[in-house]
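Breakdown of the fold
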Amino acid sequence: MSRIAGRFESLRERGRKALIPYITAGDPEPSVTVPLLHALVEAGADVLELGVPFSDPMADGPVIQAACERALAHHVSLHQVLDMVRSFRRQDSDTPVVLMGYLNPIEVMGYAAFAKAAHAAGVDGVLTVDLPPEEAAELVACLKGEQLDPIFLAAPNSDAERIRRMTENGGGFLYYVSFKGVTGANRLDVQAVADKLAQIRGHTGLPVGVGFGIRDAESAAQIAAVADAVVVGSALVKRIAALADQPGKVAALAPQVIADMRAAMDRA
Amino acid sequence: MTQTRRSSESLPLTGLPDARGHFGPYGGIFVAETLMEPLEELRRAWEKYARDADFLAELDQDLAQFVGRPSPLYHAERWSQQLGGAQVYLKREDLNHTGAHKVNNTVGQALLAKRLGKNRIIAETGAGQHGVATATVAARLGLECVVYMGAEDIRRQAINVYRMRLLGAEVVSVESGSRTLKDALNEAMRDWVTNVDTTFYIIGTVAGPHPYPAMVRNFQTIIGREARAQLLEQTGRLPDALIACVGGGSNAIGLFHPFLDDAGVAMYGVEGGGYGLDSGKHAAPLCAGRPGVLHGNRTYLMEDRDGQIIETHSVSAGLDYPGVGPEHAWLKDSGRAAYVAVTDEQALDAFHALTRSEGIIPALESSHALAYAQQLAPQLDADKLLIVNLSGRGDKDIHTVAALEGIKV
């Protein structure tokens, strides 16, 4: 069983929902990332989503775009992101790590070489925003060959056939994008999410995480009530941005937003 | 430029792309999941209306009466004589309404938007020609129009920005990334994914996810279909070579495509060589880039060793783009077309040459194609025929040219 599947199973046994924070690797500077990942686990994260910075993050709103730009000012490459995961794994062999990003850096490294390096570094899953299942066969084969879970995004307008295809090709969990829009927008409609998740569960046995638009403890708790996992990106990255000129304080202060969400989710 | 030429007869050129938008390994659909449904809706609509007699009749009427087609094919006799070789014919897309070839496509996509019941149009623009062409058709059809334009391009192309605003479009300045065309495209995609139910995205070039490269190409092939018939009528024969500038590549593919099966017709796509390919400051992904994935398709890109897209440079805003349409990537690999680059300086030289010898002020984009004709024509005999796509007029560029030459207008 993969580390991600194992984590979801143990959470289910404890009646707890997964909290999955997203950060952009190297934001605001590379030395912050590994201590921040550990601090997020301390604050209650169950799975970590580590963003690979990209120059043209088409699916992201301004908060994560700016995070990519801060990281790229330090020339953070996919190789360095894998080094960060390797370094994180020296002290934490339990918490699953999912890389999230765009296809082009992986294309440049080569699918097989990437999958091998990611597995060796201790990565568990890979989510490629601009790679729909239709184009994913080759990368999926390489990832699965290295026991990595390909994680797909489902959207409000994905039909049953597409959900089935994502389930066949994917692993770990299904990431449901809560609304039509970019990351960080303020459009969350909990009832609409609940309705769509009920449909989706009819077509997949994978755990379903929900992301986009979860901005505070209250919305995290509401989503946790209907989903298997809550993914939080922009709300956390905003805290990091506010501390960008004091990078030494990021790991100590930014994870508070995750701790607050954890408390609210566990109370519910 | 030397290139291995394979037999084009064994290559499927005109039947492309395949059902999922692939030109060999290029093209395809690489977008976030939310855009899969609207792209499928667009593909279905396009395939339906491309065969629909009423739609095609309306398109033909708009092209004739609103755009002013057919555009002339003009024998540039004096310039040909000065070059001292092949005869140069200019396909006068600069004479279209709005002053460039871009309107051929926006007229077509706007008719599709109307059929699909979408009342809001968005577009990205670099030099502003596509933005102007989009704002123009939106004004005519009474559609809301938002144009995304890089802040740097807004500075370079102030006249076109004002034209778009006069036409009632909202021009949104894009401040992210390199603040040029690629960033405008990112921002337009973000708008589309957010407003997908009400909004039609008119992409201006033969790039982006399927079906855009094929659809925009098909709207632009009017250029090559006309030119082919016009040259046959004027000279009784086909050209020996075609020359067109390539940014995203829509004017080039529009000229090339109807000649793909004419084995004797050579094709040259001319990229923005900026300060020279060796300088690294250029916009020539086919000449000096490598394949990758950006903006919804796999194609040649300008990127660093980590796969980050790098900033491009060209004196011409319309060529200042790090990618290129996937069909050009395929035509390059297959050897059917050759891709070369000319520098800013060479393009400016051709800009002046045509202006002074023929009384035609070309766009800086088109001046790249003219610059390559300046190199090629003298190497050929006087009975050889070249068609150069004069894709746009240069009025929008006179401030840029004047500034480069230290003249205050």
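Computed from a predicted model, the values in this text were never measured in an experiment. (Residues numbered from 1 in each chain as written. Chains lettered and ligands numbered in written order. Predicted model: local features only at pLDDT ≥ 70, side-chain atom pairs only at ≥ 80, totals over all residues. Heavy atoms only, no water.)

Details of the overall build of chain A
- When you go through chain A residue by residue, the secondary structure sums to 13 helices and nine strands.
- Residues counted as buried form 61% of the 268 residues belonging to chain A.
- Counting every atom, chain A has about 9700 Å² of accessible surface; 50% of that belongs to carbon and sulfur.
- Each charge class in chain A was averaged separately, 25 positive and 32 negative side chains, and the resulting centres sit 4 Å apart. (Helix = DSSP H or I, 4+ residues; strand = E, 2+ residues; numbered from the N terminus. Buried < 20%, exposed > 50% of the residue type's maximum accessible area, 1.4 Å probe, protein only. Areas by Shrake-Rupley, 256 points an atom, 1.4 Å probe, with all protein chains shown as cover. Lys, Arg positive; Asp, Glu negative; His and termini not counted. Charge placed at Lys NZ, Arg CZ, Asp CG, Glu CD.)

Examining the interface of chain B and chain A
- In this assembly, 38 residues from chain B lie in contact with 37 residues from chain A.
- The contact between chain B and chain A buries some 2900 Å² in all, and 49% of this surface belongs to carbon and sulfur atoms.
- Three residues stand out in chain B for area buried against chain A, namely Glu33, Arg190 and Gln308 of chain B, and they jointly supply 24% of the buried area on that side.
- For the interface between chain B and chain A, the tally reads 24 residue pairs in polar contact (both at pLDDT 80 or more).
- For the side of chain B that touches chain A, the secondary structure elements donating two or more residues are β2 (26-30), α1 (36-49), α8 (181-194), β11 (290-294) and β12 (296-301) of chain B. (Contact = heavy atoms within 4.5 Å. Buried area = accessible area lost by both parts, 1.4 Å probe. Polar contact = N/O pair within 3.5 Å; in protein donor to acceptor, adjacent residues only side chain to side chain.)

Re the pairing of strand β7 (residues 174-177) of chain A
Residues and elements named next belong to chain A.
- Both faces of β7 are covered, namely the face carrying Leu174 and Tyr176 and the face carrying Tyr175 and Val177.
- Two elements, strand β6 (residues 153-154) and β7, share two bridges in a ladder whose sense is parallel. Looking at the pairing, leucine 153 lines up with tyrosine 175 of β7.
- Between β6 and its parallel partner β7, the chain crosses via helix α8 (residues 160-169), and the hand of that crossover is right-handed.
- Here β7 pairs with strand β8 (residues 208-211) via four bridges, running parallel. Opposite valine 177, over in β8, you have glycine 211 as the bridge partner.
- Handedness of the β-α-β unit built from β7, helix α9 (residues 190-201) and β8 comes out right-handed. (Pairing = 2+ DSSP bridges. Right-handed = clockwise from strand over helix to strand, strands pointing away.)

Observations concerning the pattern of salt bridges
- Applying the stated criterion across every chain yields a total of 39 salt bridges over all chains.
- In this structure, the salt-bridge partner of arginine 3 of chain A is aspartate 124 of chain A, at a minimum N-O distance of 2.7 Å. A residue pair is termed long-range when its members are at least 10 positions apart, and arginine 3 of chain A in helix α1 (residues 3-13) and aspartate 124 of chain A in the loop between α6 (111-121) and β4 (125-128) qualify at 121 residues.
- What makes arginine 3 of chain A partly exposed here is its relative accessible area of 29%.
- Assessed through its relative accessible area of 7%, aspartate 124 of chain A is described here as buried.
- Salt-bridge contacts for arginine 190 of chain B lead to glutamate 187 of chain B; the nearest nitrogen and oxygen are separated by 2.7 Å. Within this pair, arginine 190 of chain B and its partner glutamate 187 of chain B are both found in helix α8, separated by three residues, close to a single helical turn.
- Judged by its relative accessible area of 21%, glutamate 187 of chain B falls in the partly exposed class.
- Connected through shared salt-bridge partners, Arg16, Asp46, Arg262 and Asp266 of chain A make up one network. (Salt bridge = Lys/Arg side-chain N within 4 Å of Asp/Glu carboxyl O.)

Describing the packing of helix α4 (residues 78-89) of chain A against α6 of chain A
All names here are of chain A.
- Contact pair α4 / α6: the axes reach a minimum separation of 8 Å and the direction vectors enclose 25°. For the element pair α4 / α6, the angle class is roughly parallel. Taken together, the residues of α6 that come into contact with α4 (itself represented by Leu78, Leu82, Val85, Arg86 and Arg89) are Phe114, Ala117, Ala118 and Ala121.
- Residue composition of the contact of α4 with α6, by class: seven nonpolar, no polar and two charged. (Axes fitted to C-alpha atoms, helices over the stretch in contact; angles between N-to-C directions. Parallel < 35°, antiparallel > 145°, perpendicular 65-115°, else oblique. Nonpolar A, V, L, I, M, F, W, Y, C, P; charged D, E, K, R; others polar.)

Some remarks on the sheet that holds β7 of chain A
Residue and element names in this part refer to chain A.
- Taken together, the nine strands give an open sheet; going across it, the order is β5-β4-β3-β2-β1-β9-β8-β7-β6, and neighbouring strands pair in parallel fashion. With one partner strand each, in any of the chains shown, β5 (149-151) and β6 form the two edges of the open sheet.
- Across the sheet, helix α11 (residues 234-242) lies against β1 (18-24) and β9 (229-232), angled at about 45° from β1, the strand it touches most.

Regarding the packing of helix α3 (residues 62-72) of chain A against α11 of chain A
All names here are of chain A.
- Two elements in contact, α3 and α11, have axes whose closest approach is 9 Å; the angle formed by their N-to-C orientations is 50°. It follows from the interaxial angle that α3 and α11 lie oblique. By crossing handedness, the relation of α3 to α11 is classed as left-handed. Here Val63, Ile64, Ala67 and Arg70 of α3 lie close against α11, whose contacting residues are Ser234, Val237, Lys238 and Ala241. (Left-handed = near helix turned anticlockwise from the far one by under 90°.)

Some details on the packing of aromatic side chains
- For the structure shown, the criterion picks out 11 aromatic pairs over all chains.
- With centroids separated by 5.2 Å and ring planes inclined at 45°, the aromatic side chains of tyrosine 268 of chain B and tyrosine 372 of chain B adopt a geometry described as tilted. Pair noted here: tyrosine 268 of chain B is in strand β10 (residues 266-272) and tyrosine 372 of chain B is in helix α15 (residues 364-376), with a separation of 104 residues, a long-range link.
- Its relative accessible area of 16% is what places tyrosine 268 of chain B among the buried residues.
- For tyrosine 372 of chain B, a relative accessible area of 10% translates into the label buried.
- Taken together, the ring pairs in this structure connect Tyr175, Phe179 and Phe212 of chain A into an aromatic cluster.
- Residue placement shows arginine 115 of chain B over the ring face of tyrosine 49 of chain B; its charged tip is 5.5 Å from the ring centre.
- Between arginine 140 of chain B and the ring centre of phenylalanine 66 of chain B, over which it is positioned, the NZ or CZ distance is 4.5 Å. (Phe/Tyr/Trp six-rings, centres within 6.5 Å; stacked < 30°, edge-to-face > 60°. Lys NZ or Arg CZ within 6 Å of the ring centre and 35° of its normal.)

What to know about the nonpolar core
- With 69 residues, the main nonpolar core has Leu50, Leu99, Phe114, Val230 and Ile258 of chain A as its most contacted residues.
- With six residues, the single largest contributor to this core is α4 of chain A.
- Sequence-distant contacts of leucine 99 of chain A, that is, excluding residues within four places in its chain, are made with Leu50, Val52, Leu78, Val81, Leu82, Val85, Phe114, Val123, Gly125, Val126 and Leu127 of chain A.
- Counting residues in hydrophobic clusters, the runner-up holds 56 residues, among them Val132, Met189, Ile202 and Ile203 of chain B. (Core = buried A, V, L, I, M, F, W, Y, C linked by side-chain atoms within 4.5 Å.)

Quick word on the confidence of the model for chain B
- A residue-level look at chain B finds 97% of positions with pLDDT of 70 or above and a mean pLDDT of 94.
- This stretch, residues 1-11 of chain B, has a pLDDT under 50; its non-local contacts, to residues over four places away or in other chains, come to 16 contacts. (pLDDT = per-residue confidence, 0-100.)

Comments concerning the sheet that holds β2 of chain B
Residue and element names in this part refer to chain B.
- What the four strands build is an open sheet, ordered β1-β2-β12-β11; its pairing is antiparallel. What marks the edges here is a single partner per strand, and that holds for β1 (22-23) and β11.
- Looking at chain direction, β2 and β12 are connected through two bridges and run antiparallel. Note that in β12 the partner of glycine 27 across the bridge is arginine 298.

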